[in-house]
Amino acid sequence: MDSKLLQGLETRLHQAFQSQNLEKINQIVSAAPAREIKVLMERSNFHQRALLFRALPKTTAMAVFDLLDPAVQADLVSALRDDHVSAVVEAMDPHDRAELLDELPASVATKILAGLSPTERDLTGIVLGYPEKSVGRRMSPKFATVHPTDSVEKALAYLTKVLDDVETIYTVPVTSAEKKLVGVVSLRDIMRADKTTLIKELMKPEDSVNATQPAEYAARLCADRQRLALPVVDQENRLVGILPLSDALDILEYANNEDQARISGAEPLRRPYLATPIGNFVKARVVWLLVLAIGATLTIHVQETFESTIAQMVVLSVFVPLLIGTGGNTGNQAATTVTRAIALGDIKMGDGLRVISREIRVGALLGTLIGTLGFALTSIFYGPQIGAVIGLTLLSICTLAATVGGFMPLVARKFGIDPAVFANPFISTLLDASGLVIYFLIAKAVLGL
């Protein structure tokens, strides 16, 4: 996307917005690709977004609406008249429509559902019937199937007929008469086979996921195994939908953004930055700031407890930022690594002891290296006794931090909490207090305070 062209379009649009000239806005965006218009809408405020959308031709409006994040779509629905909404919502895929309805107030969602055609309403109802964050909520119920006893000629005739009504035909599920999944066949294999060949001679076994399984798990499976589409089945192995690779990648991107936000001590915005109201920024950050502020009082309490120790040797206070910073960083490294491994499926719940064992060893080795360096440098400037305190503390803190940082994400997953929640801010606060306790206890023992 040409940034200079985009900047020029944005400048001209801003001038047209000021006069609320729909004709001028239409002229500006009429030749722009849908993706550029999508970016312009995300960089506009609530009312400008509605004006811009009203100025778009129907076909372009549908394409742009489909590209927007569900939260931004919901903003548009709130700002537009019913006649603007019904056409674009009707044109959406059922799983995208379900995401939009989740963002809307119940009364608005009910009204939109009632305005859909019977077919689209039924397809949307299938998706909405599954739990939030399940793959059933993200699958497409628009799919084509063939039977094992179908000939290639019959299969091709059918696929050609439904070409415009299904999500994808590059990977075609094969189902029995009871609609149970028995395999898949690729369109490539169908097209290059003899017309009299039966589908059962071409089909292959295929991975599938239950509709109630987490969407992120299904998306990871689809991406890792490089499937163009992943069949989704119910408890009786009946095919109920498919998860296309493009949707799987969207799910993984959102999950990654969510983890990054929580690792940084905030909730995900779920909207592009400039399209996010100021109040949403506050909501996304204030809870974590309050939690961390309360947690920081533990550190203050520890310092008050060992106030007499600090008073006897003021130099100990000089090293507090170094020690708590090292502990927090070590814990965050371990937590981020383990959280990522959980997301990729490299670590299972039964691997807790192995994870603890590895992180203890990693932490001890890191502590030995950094502690030795800390001992040497501190001894030069403050003497060997202070050097010994700093070296032993670094060894202890690094070992503890790596162990806690590696284990906490597993605990979170066990209790159904996002492991990213236990990353940077939370672990840093926890280790600040415990690190200071270790530091002052070692100082009292070594220095005889």
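Summarised in this report is the structure supplied together with it. These figures come from a predicted structure and were not determined experimentally. (Residues numbered from 1 in each chain as written. Predicted model: local features only at pLDDT ≥ 70, side-chain atom pairs only at ≥ 80, totals over all residues. Heavy atoms only, no water.)

## Section: the nonpolar core
Link 1 in the chain: One finds Leu52 and Phe53 to be the most contacted residues of the largest nonpolar core, which totals 36 residues.
Link 2 in the chain: Broken down by element, this core gets its largest block of residues, 5 residues, from helix 4 (residues 46-55). (Core = buried A, V, L, I, M, F, W, Y, C linked by side-chain atoms within 4.5 Å. Buried < 20%, exposed > 50% of the residue type's maximum accessible area, 1.4 Å probe, protein only. Helix = DSSP H or I, 4+ residues; strand = E, 2+ residues; numbered from the N terminus.)

## Some thoughts on the sheet that holds strand 4 (residues 229-233)
Link 1 in the chain: Ordered in space as 3-4-5, the 3 strands form an open sheet in which the pairing is mixed. Whereas interior strands pair on both sides, the edge strands pair on one side only; in this sheet they are strand 3 (209-210) and strand 5 (239-244).
Link 2 in the chain: With 5 bridges connecting them, strand 4 and strand 5 associate as antiparallel partners. Pairing of Val232 across the sheet is with Gly241, part of strand 5. (Pairing = 2+ DSSP bridges.)

## Some remarks on the packing of helix 17 (residues 320-344) against helix 19 (residues 384-414)
Link 1 in the chain: One can describe the packing of helix 17 onto helix 19 by two numbers: an axis separation of 7 Å at closest approach and a directional angle of 30°. Relative to helix 19, helix 17 is oriented roughly parallel. In terms of crossing hand, the pair formed by helix 17 and helix 19 is right-handed. Contact residues: helix 17 offers Leu323, Thr326, Gly327, Thr330, Gly331, Ala334, Ala335, Val338, Thr339 and Ile342, while helix 19 offers Ile390, Thr393, Leu394, Ile397, Cys398, Ala401, Ala402, Gly405, Gly406, Pro409, Leu410 and Arg413.
Link 2 in the chain: Of the residues belonging to the contact of helix 17 with helix 19, the class tally is 13 nonpolar, 8 polar and 1 charged. (Axes fitted to C-alpha atoms, helices over the stretch in contact; angles between N-to-C directions. Parallel < 35°, antiparallel > 145°, perpendicular 65-115°, else oblique. Left-handed = near helix turned anticlockwise from the far one by under 90°. Contact = heavy atoms within 4.5 Å. Nonpolar A, V, L, I, M, F, W, Y, C, P; charged D, E, K, R; others polar.)

## Some remarks on a nonpolar patch on the surface
Link 1 in the chain: There is a patch of nonpolar side chains on the surface, built from Val318, Leu373, Leu377, Ile380, Phe381 and Tyr382 and spanning about 670 Å² of accessible area.
Link 2 in the chain: With respect to the helices and strands, Ile380 occurs in helix 18 (residues 352-382). (Patch = residues over 30% accessible without salt bridge, like charges linked within 9 Å, V, L, I, M, F, W, Y side chains within 5 Å. Areas by Shrake-Rupley, 256 points an atom, 1.4 Å probe, with all protein chains shown as cover. Salt bridge = Lys/Arg side-chain N within 4 Å of Asp/Glu carboxyl O.)

## What about the packing of aromatic side chains?
Link 1 in the chain: Taken as a whole, this structure holds 3 aromatic pairs when the rule is applied.
Link 2 in the chain: For the pair Phe319 and Tyr382, a centre-to-centre distance of 5.3 Å together with 75° between the ring planes defines the contact as edge-to-face. Of this pair, Phe319 sits in the loop between helix 16 (307-312) and helix 17 while Tyr382 sits in helix 18; the two residues are 63 residues apart in sequence, bridging distant segments of the chain.
Link 3 in the chain: Phe319 gets classed as buried once you look at its relative accessible area, which sits at 8%.
Link 4 in the chain: Note on Tyr439 and Phe440: the rings are 5.1 Å apart at their centroids and 35° apart in plane angle, and the pair reads as tilted. (Phe/Tyr/Trp six-rings, centres within 6.5 Å; stacked < 30°, edge-to-face > 60°.)

## Re the packing of helix 3 (residues 34-42) against helix 5 (residues 58-67)
Link 1 in the chain: Their axes nearest at 9 Å, the elements helix 3 and helix 5 cross at an angle of 60°. Judged by the angle between their axes, helix 3 and helix 5 are oblique. Where helix 3 crosses over helix 5, the two elements pack in a sense that is right-handed. Between helix 3 and helix 5, the contacting residues are Ala34, Arg35, Ile37, Lys38 and Met41 on the first element and Thr60, Ala63, Val64 and Leu67 on the second.
Link 2 in the chain: Here the contact of helix 3 with helix 5 is composed, by residue class, of 6 nonpolar, 1 polar and 2 charged.

## So, the layout of surface pockets
Link 1 in the chain: In this structure, the second largest pocket spans a volume of roughly 320 Å³.
Link 2 in the chain: Lining of the second largest pocket is provided by 15 residues; of these, Tyr170, Thr171, Val185, Ser186 and Lys204 occupy positions nearest its centre.
Link 3 in the chain: Contributions of two or more residues to the lining of the second largest pocket are made by strand 2 (181-186) and helix 12 (187-192).
Link 4 in the chain: It is helix 12 that provides the largest number of residues to the lining of the second largest pocket, a total of 4 residues. (1 Å grid on protein atoms, 1.4 Å probe; cavity = no way out; pocket = protein on both sides within 12 Å on 5 of 7 lines; lining within 4 Å. Points joined across faces, edges and corners; volume = space filled by probe spheres on them.)

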